[in-house]
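Reading the structure
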Amino acid sequence: MCGDCMFQWLKKRHNPDKLKNLPQLIANLKTSGDFLHFKSEKTGTAFYIYYFKTLVNEKELSEKVIEPMGKHKVASLADVKENVPIPGIIITDDLSVVCEKVMVGYLIIRFSEVSDECALIPSPTDISRKVAQPEVEFTVVGSKEAFVESLDKNVHLIRKRLPVHELKAYELTIGKLTHTKVVVLYLEGITNQENVNTVKERLNSIHVDQVVDNSIIMQYITDDKNSPFPQLVDTERPDRAASGLCEGKVVILSEGSPQALLGPTTFVEFFSAFEDYFVNWIVASTARLIRIFAVLFSILVTPLYVATLTYHYELIPSDLLSTLVSSRQQIPLPPILEAIFLELSIELLREAGARLPTKVGQTIGIVGGIVIGTASVEAGLTSNVLLIIVALAALASFTTPVYRMGNTIRLIRFPFLLFAHLWGLLGVVLCFSFLLIHLLRLKSLGRPFLEPIYPLRVKDLKDALIRLPLNFQTKRPIQLQTEDTVRFEKDKNDFHE
Amino acid sequence: MKLRILLCVCMLILSGCVENSIVDDIQMVTVIGYEKTDDGKLKGIAVAPQFQANGNVENSVFVETAQISKEIRSQFNTESPKPLVSGKLQLAIYSKKIAEEDGIMELTDTLQRDPSIGSRTFLAVSNSDPEAMLRTNFGNVDTGHYIHSILEHNSKYGMLPETNLHNFFYYYFSEGNDPFLPLIDLEEDKVKITGLVLLKKDKMVSELPADDLFTFKILYENFSSNDSYTTDLGGGDHASIYNIASKRDIDLKKIKKNKITINGKVLGVIKEYTGEELNTKVKEKIEKDMEEEVEKKGREMIEKFQEEGIDPLGLGNAVRSVTRGKFDYDEWKQRYTDIDIKFNMEVVITESGVIE
């Protein structure tokens, strides 16, 4: 479907009037330094081989193509298809096909320098890296495999975990220049077809020149592009992707990206680490509650500090009053400037740490954290109470398992700070209402983002803020509107009788 | 879109109208005291702690005299480097003279009308000069918080009934109750609770010494405290009973015949006993002695209340709650002095120490 439109477009670009036939195309390709071509007469009949040496596995070329051809005395294109032990050989005279295939590691073989007909033998070289350990979503227990930059390997990693024929992969190519292969994975009979169609439609409507990474695709297909909140989960763990598929989610993979996108998703899913499923439900639930608390703490604590110290001195307990007031006694700045100063320096540290090479980054962290913090307190620019609060808030924001969400959490603290300064607690409440309204309006692939909290779906709470034991997880989330809602029968698992 | 821009503009402009009070740019009055000067003027004393950066607390004391209380508050600001705010007020102290002569309602009313003052602000009457008391340095603490803590822990765990702004106004305005306030005294460099001031409406009419607080609290409410009660067993022996729980029950069945019975029950543990052997017989004697002692004190107390025509125990309120139809408060006030109020005590000693 899209392949066709791509070819039409190709024809437009690579086949201007002068590239009317194969010899012309080859003449054009020869202008690239890494395009090799030679004539061989090993078989008795002369034949010509053309390929990009940077795309083709040259060892395979000599062992599996040239040798057999010499052995079997190949004399025609049909003979090539018969005797070369590589599957997927194409014999064609369609210029667009030739052009497309030669760019992805196919050899062109032909027997006449003037004919348009040629054989295309796939022999791509694979220099992508090996499957490695997950770095962002590392878990102590559980699989240590992570997605890599090769799409085929990534699909393999998922197929290995779900060896069923229901696992369907819809392929398409996006990007006029990058020709990025994108695969939509879903389980037929489980995943809601509407969700799959939404993804397909949105992917097909992307018309851009380049797709560098899955994140770009995510930005194009996300429901609300003006929201700071990510509306699709991205993961580097094949097991998380596979488990998402089993739940009835749609997975999007793309060539060159070690990250899978999962959707539809919910707000609370961003605070569930995959490790939550590997540990006991009590431990997992505690961890989740701590993370939710950490998020609220991280967003609200500095604004609350500013609001209370600026407007609501009555709220400070008498025992705390002396600590707070004496720590602020020599500080010339109002609480808001003090807070912004510290929050910005923490952001600076984080940004500097993220941009610098690892070893330098660590030094920056220590220098920044200890030296700047202590110095600013001693210089009387910030109070040490606030320093502790800001540091804790920053720490709390890093507990969010999904990196993108962590960034958002750190960002939305600033409007809260502003509102806290303008109107005190009322402002904080106001800002929180705005945030809540925004979240309520958000959708993930057309499904409510704040589910199961709103709309309240009690059954989905089994795996939201807390994670109930696995034998409670017998139904797929209502959020996903799956075609088959039952995961397994609870009774059959009960051996404690 | 227009609406959004308008909203943003409004938000920015309106934010200028909000008055802020940054915590280190204000002076928080934590205790306020009132007394009467000899020429009949009102003297107000306010204490605001100054928290120093090194952790020390200095108390600034502001003293102003004026004809009316509202003037005093504005005068305080004229001698303060930072604006005085009252949101952290923890305690208001009245001199005994004011409580006796003028009543405290006028002064208390301003506290209640200020929305930033919490209803858990304590009220107290001072036997000694409030200015002297508030000028005393109680160590490296905020004076208001210091005196407030004394009253707070005593009403939470000790023998003092709760006496905050809310209680005062409830008893003042409700029918069948009369308010009471703790009486405090400055003893050298300490503040001590020396009893209870009983008010009729807002004027002091009588006071109870600190020794009677235990009995008063038994009569007044159910409670459990950490305080102990020492009873004289005769023959030089004393027993100290540590109170676990006390229960009060007002029997109003015979109210038509003008009879009220108050039953008090105390569960206690013997903490200290100066005699030789503590056997069942001695325990029974201790129980009986204590019962008699408390009953006697209680009866005297009730008699005194009736004589003065005050009702700090809230008996009127209790009667009102069992009266069908309209409760005639004026009629009750006349009836109150003649009612036969009985008081029975029961003391149960549940433990007598671990030595046994």
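Further remarks concern the packing of aromatic side chains. Here a ring pair, both rings aromatic, is described through the centre-centre distance and the interplanar angle of the planes. What the rule picks out here adds up to 32 aromatic pairs over all chains. Seen in terms of ring centroids, Phe267(A) and Phe271(A) are 5.2 Å apart; in terms of plane orientation they differ by 75°. Their pairing is edge-to-face. Each member of the pair, Phe267(A) as well as Phe271(A), is classed as buried. For the pair Tyr172(B) and Phe173(B), a centre-to-centre distance of 4.8 Å together with 85° between the ring planes defines the contact as edge-to-face. Taking relative accessible area as the criterion, Tyr172(B) reaches 15% and is therefore assigned buried.

What follows is about the packing of helix α15 (residues 403-411) of chain A against helix α16 (residues 413-441) of chain A. Residue and element names in this part refer to chain A. Running from amino to carboxyl end, α15 crosses α16 at an angle of 15°, the nearest separation of the two axes being 4 Å. Taken together, the axes of α15 and α16 are roughly parallel relative to one another. Contacts between α15 and α16 involve Ile409, Arg410 and Leu411 from the former and Arg413, Phe414 and Pro415 from the latter. For the contact of α15 with α16, the class distribution of residues is four nonpolar, no polar and two charged.

What follows is about the nonpolar core. Most often, soluble globular proteins keep nonpolar side chains buried together rather than apart. Within the largest apolar cluster, 68 residues are counted, with the highest numbers of intra-cluster contacts made by Ile158(A), Phe229(A), Val251(A) and Leu253(A). Broken down by element, the residue count for this core peaks at 10 residues, all from α16(A). Excluding residues within four positions of it along the chain, Leu253(A) makes contact with Phe147(A), Leu151(A), Asn154(A), Val155(A), Ile158(A), Lys181(A), Val182(A), Val183(A), Leu185(A), Asn214(A), Gln259(A) and Ala260(A). Formed by 63 residues, the second largest nonpolar core is a distinct cluster that contains Ile93(B), Leu134(B), Leu151(B) and Ile286(B).

Attention now moves to the sheet that holds strand β7 (residues 180-187) of chain A. Residue and element names in this part refer to chain A. One open sheet holds the five strands; their spatial order is β6-β7-β9-β10-β8, and the pairing between them is antiparallel. A strand with exactly one partner marks an edge of an open sheet, and here the two such strands are β6 (167-174) and β8 (233-235). On average, adjacent strands in this sheet sit at an angle of 25° to one another, irrespective of strand direction. Where β6 meets β7, eight bridges bridge the pair, whose relative direction is antiparallel.

Residues and elements named next belong to chain A. Per the counting criterion, the structure on display carries 39 salt bridges over all chains. We note a salt bridge from glutamate 188 to lysine 168, for which the minimum N-O separation is 3.9 Å. Here the residue glutamate 188 occupies a position in the loop between β7 and α7 (193-204), and lysine 168 occupies one in strand β6, the gap between them amounting to 20 residues. Residue lysine 168 is classed as partly exposed on the basis of its relative accessible area, which comes to 27%. Ionic contacts of the salt-bridge type, sharing partners, join the residues Glu347, Arg350, Glu351, Arg355 and Arg410 into one network.

So, about the side chain of Thr382(A). Residues and elements named next belong to chain A. By secondary structure assignment, the location of threonine 382 is in the loop between α13 (358-378) and α14 (384-397). Owing to a relative accessible area of 1%, threonine 382 belongs among the buried residues under this scheme. Separated by 3.3 Å, the side chains of threonine 382 and serine 376 make a polar contact. Discounting residues that sit within four places of it in the chain, threonine 382 has contacts with Ile331, Glu338, Phe341, Leu342, Ser376 and Val377.

Listed as interface residues are 23 residues of chain A and, on the opposing side, 24 residues of chain B. Carbon and sulfur atoms make up 66% of the surface buried where chain A meets chain B, a total of about 2,200 Å² over both sides. For the pair chain A and chain B, the interface holds one salt bridge. We note a salt bridge from Arg328(A) to Asp24(B), for which the minimum N-O separation is 3.1 Å. Listing elements by their share of the side of chain A that touches chain B, those giving two or more residues are α10 (281-310), α11 (318-328) and α16 of chain A. Examining the composition of the side of chain A that touches chain B, we find that seven residues originate from one element, α11(A), more than from any other. Among the residues making up the side of chain A that touches chain B, the classes are represented as 14 nonpolar, six polar and three charged.

All names here are of chain A. On domain assignment, one finds that chain A holds domain 1 (2-122), domain 2 (151-267) and domain 3 (281-441). Distance from the C-alpha centre of domain 2 to the C-alpha centre of domain 3: 35 Å. If you look at the interface, domain 2 gives nine residues, while domain 3 gives nine residues. Taken over both partners, the interface formed by domain 2 and domain 3 buries close to 940 Å², and the fraction arising from carbon and sulfur atoms is 73%. The partner of arginine 404 in a salt bridge is aspartate 234, and the shortest N-O contact between them spans 2.7 Å.

Right, let's get into empty space enclosed by the protein. Using the criterion set out here, one finds two cavities of 30 Å³ or more in the structure. Computed from the structure, the largest cavity encloses a volume of approximately 330 Å³. Around the largest cavity sit 27 residues that line it, and Glu247(A), Lys249(A), Glu269(A), Asp463(A) and Pro477(A) are the ones nearest its centre. For the lining of the largest cavity, the element with the most residues is helix α9 (residues 238-247) of chain A, which contributes four residues. The residue makeup of the lining of the largest cavity, split by class, is nine nonpolar, seven polar and 11 charged. Quantified by volume, the second largest cavity comes out at close to 60 Å³. As for the second largest cavity, its lining consists of Val325(A), Gln329(A), Val23(B), Asp24(B), Ile26(B), Gln27(B), Met28(B), Pro49(B), Gln50(B), Phe51(B) and Lys82(B). At the level of secondary structure, the elements contributing two or more residues to the lining of the second largest cavity comprise β1 (27-28) and β3 (42-51) of chain B. The element that contributes the greatest number of residues to the lining of the second largest cavity is β3(B), accounting for three residues. In terms of residue class, the lining of the second largest cavity is made up of six nonpolar, three polar and two charged.

Now for a positive patch on the surface. All names here are of chain B. A contiguous patch of positive charge on the surface is contributed by Lys253, Lys254, Lys257 and Lys259. Here lysine 254 is to be found in the loop between β12 (237-251) and β13 (259-273). In this structure lysine 254 comes out as partly exposed when scored by relative accessible area, which is 48%.

All names here are of chain A. With antiparallel pairing, the five strands of this open sheet are ordered in space as β1-β2-β4-β5-β3. Of all strands in the sheet, those bounded by a partner on one side alone are β1 (35-40) and β3 (90-92). Taking each pair of neighbouring strands and ignoring which way they run, the sheet shows an average axis angle of 20°. Bridging between strand β2 (residues 47-52) and strand β4 (residues 106-110) involves three bridges; their strand directions are antiparallel. By the bridge assignment for β4, isoleucine 49 is matched with isoleucine 109. Helix α3 (residues 58-71) rests against β1, β2, β4 and β5 (118-122) of the sheet, and its axis sits at about 165° to β2.

Cut-off values and rules
- Residues numbered from 1 in each chain as written.
- Chains lettered and ligands numbered in written order.
- Predicted model: local features only at pLDDT ≥ 70, side-chain atom pairs only at ≥ 80, totals over all residues.
- Heavy atoms only, no water.
- Phe/Tyr/Trp six-rings, centres within 6.5 Å; stacked < 30°, edge-to-face > 60°.
- Buried < 20%, exposed > 50% of the residue type's maximum accessible area, 1.4 Å probe, protein only.
- Axes fitted to C-alpha atoms, helices over the stretch in contact; angles between N-to-C directions.
- Helix = DSSP H or I, 4+ residues; strand = E, 2+ residues; numbered from the N terminus.
- Parallel < 35°, antiparallel > 145°, perpendicular 65-115°, else oblique.
- Contact = heavy atoms within 4.5 Å.
- Nonpolar A, V, L, I, M, F, W, Y, C, P; charged D, E, K, R; others polar.
- Core = buried A, V, L, I, M, F, W, Y, C linked by side-chain atoms within 4.5 Å.
- Pairing = 2+ DSSP bridges.
- Salt bridge = Lys/Arg side-chain N within 4 Å of Asp/Glu carboxyl O.
- Polar contact = N/O pair within 3.5 Å; in protein donor to acceptor, adjacent residues only side chain to side chain.
- Buried area = accessible area lost by both parts, 1.4 Å probe.
- Domains from an automatic or database assignment.
- 1 Å grid on protein atoms, 1.4 Å probe; cavity = no way out; pocket = protein on both sides within 12 Å on 5 of 7 lines; lining within 4 Å.
- Points joined across faces, edges and corners; volume = space filled by probe spheres on them.
- Patch = residues over 30% accessible without salt bridge, like charges linked within 9 Å, V, L, I, M, F, W, Y side chains within 5 Å.
- Areas by Shrake-Rupley, 256 points an atom, 1.4 Å probe, with all protein chains shown as cover.
- Lys, Arg positive; Asp, Glu negative; His and termini not counted.
- Charge placed at Lys NZ, Arg CZ, Asp CG, Glu CD.

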